[in-house]
Amino acid sequence: MTTTVTRSVADVATHVATTIDDIFATIDGWRALLEEQLATDASPTAAIVDPVVETFAAPAVGGETLLTGAGFVATPGALADAEWHLAWWLGGPTADVRRLATIDDPTHDQFRDYTSLEWWRVPASTGARHLTGPYVDYVCTDDYTVTITTPVMVAGRMLGVVGADALVDRLERALLPALRSGRAPATVVNASGRVVTSTDPRREPGSILRIPGLADALASLAHGGAAPLDGGAGVLACGDTSLALVVGV
């Protein structure tokens, strides 16, 4: 006879946090490596930075991992030989690892100012790591993606962000077994109430979970903990990942 282990809500939230924390820890290691490299050069260049980025980004996106993209994006003007610069690698279980082709000429019709995008804009404003999405990543994957970025700081100046992309369908495969082993219907959302994954197939990734009181409950989780919703439902912070677990509704 097979016995199904039922997890508590707290255990499910911890599993979500641990999955994302593993990505955070990996990116923090990359940030430390880049900050050490950039601090040794008074005039850093793309020619110096790119090989360093490739050493960690290319292996991270090859094979069966949660990550489909990884790399470094420079603050405009921070590199002596490149006003605008992305060093970003793409890969996956069935795809060869390759560097993302970018247009770095601001006069080109297809040039895009990445400093206006959330994954850049928020870390630049807060000086802290940020989880963006789920959103459809039209630059890299044309699929629902979560992007995690953190500032690279040298002498008090942000020289860029380092980060990674995780496809939502890979995150779902990692998270859904734990969500389904809980005692109630469960949905993982970001700080804005956007669905990452859910045991309810009607709640598609990227959609907004519209539940009365959810916005206030999510706002109250800024420092962790839990918040109640109507009808015995509740919201629980998934560590300090900025994600939350909505249960019982």
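Here, the structure is the one placed above.
Residues numbered from 1 in each chain as written. Predicted model: local features only at pLDDT ≥ 70, side-chain atom pairs only at ≥ 80, totals over all residues. Heavy atoms only, no water.

Chemist: Would you explain the pattern of salt bridges in this entry?
Modeler: Pairing between side chains of opposite charge can happen when their charged atoms approach one another. All chains considered together, the criterion is met by seven salt bridges. Between Asp200 and Arg203 there is a salt bridge, with the nearest N and O atoms lying 4.0 Å from each other. A network of salt bridges, in which partner residues are shared, links Asp28, Arg31, Glu35, Arg129 and Asp240. (Salt bridge = Lys/Arg side-chain N within 4 Å of Asp/Glu carboxyl O.)

Chemist: Honestly, the environment of Asp165 in this entry has me stumped. Any pointers?
Modeler: For Asp165, the location among the structural elements is in strand β6 (residues 157-167). Looking at Asp165, the relative accessible area reads 2%, which means it is buried. In this structure the C-alpha to C-alpha distance between Asp165 and Thr241, which are 76 residues apart in sequence, comes to 15 Å. (Helix = DSSP H or I, 4+ residues; strand = E, 2+ residues; numbered from the N terminus. Buried < 20%, exposed > 50% of the residue type's maximum accessible area, 1.4 Å probe, protein only.)

Chemist: Which parts of the structure should I look at to understand the packing of aromatic side chains?
Modeler: The geometry of an aromatic ring pair comes down to the distance between the two centres and the angle between the two planes. As enumerated under the stated definition, the model contains five aromatic pairs in all. Between Trp84 and Phe111 the ring centres are 5.0 Å apart and the planes differ by 80°, which places this aromatic pair in the edge-to-face class. Taken together, the residues Trp84 in the loop between β1 (67-74) and β2 (86-92) and Phe111 in the loop between β3 (95-99) and α3 (118-126) connect sequence positions 27 residues apart. Among the residues examined, Phe111 registers a relative accessible area of 18% and is labelled buried. Judged by centre distance (5.5 Å) and plane angle (55°), the ring pair of Tyr114 and Trp120 falls under tilted. Neither Tyr114 nor Trp120 differs from the other in exposure class; each is buried. Here the aromatic cluster, defined as three or more aromatic residues joined through ring pairs, consists of Trp84, Phe111, Tyr114, Trp119 and Trp120. Its end group placed over the ring of Phe24, Arg129 keeps NZ or CZ at 3.7 Å from the ring centre. (Phe/Tyr/Trp six-rings, centres within 6.5 Å; stacked < 30°, edge-to-face > 60°. Lys NZ or Arg CZ within 6 Å of the ring centre and 35° of its normal.)

Chemist: Can you help me understand the sheet that holds strand β11 (residues 244-247) in this one?
Modeler: Across the sheet, which stays open at both edges, the five strands sit in the order β8-β7-β11-β10-β9 with antiparallel pairing between neighbours. At either end of the open sheet lies a strand with only one pairing partner, and these are β8 (195-198) and β9 (226-228). Direction aside, neighbouring strands of the sheet carry axes that sit 20° apart on average. Both strand β10 (residues 234-237) and β11 contribute to a ladder of four bridges, which runs antiparallel. If you follow Ala237 over to β11, its bridge partner there is Ala244. Across the sheet, helix α4 (residues 168-180) is in contact with β7 (186-189), β8 and β11; its angle to β8 comes to roughly 45°. (Pairing = 2+ DSSP bridges. Axes fitted to C-alpha atoms, helices over the stretch in contact; angles between N-to-C directions. Contact = heavy atoms within 4.5 Å.)

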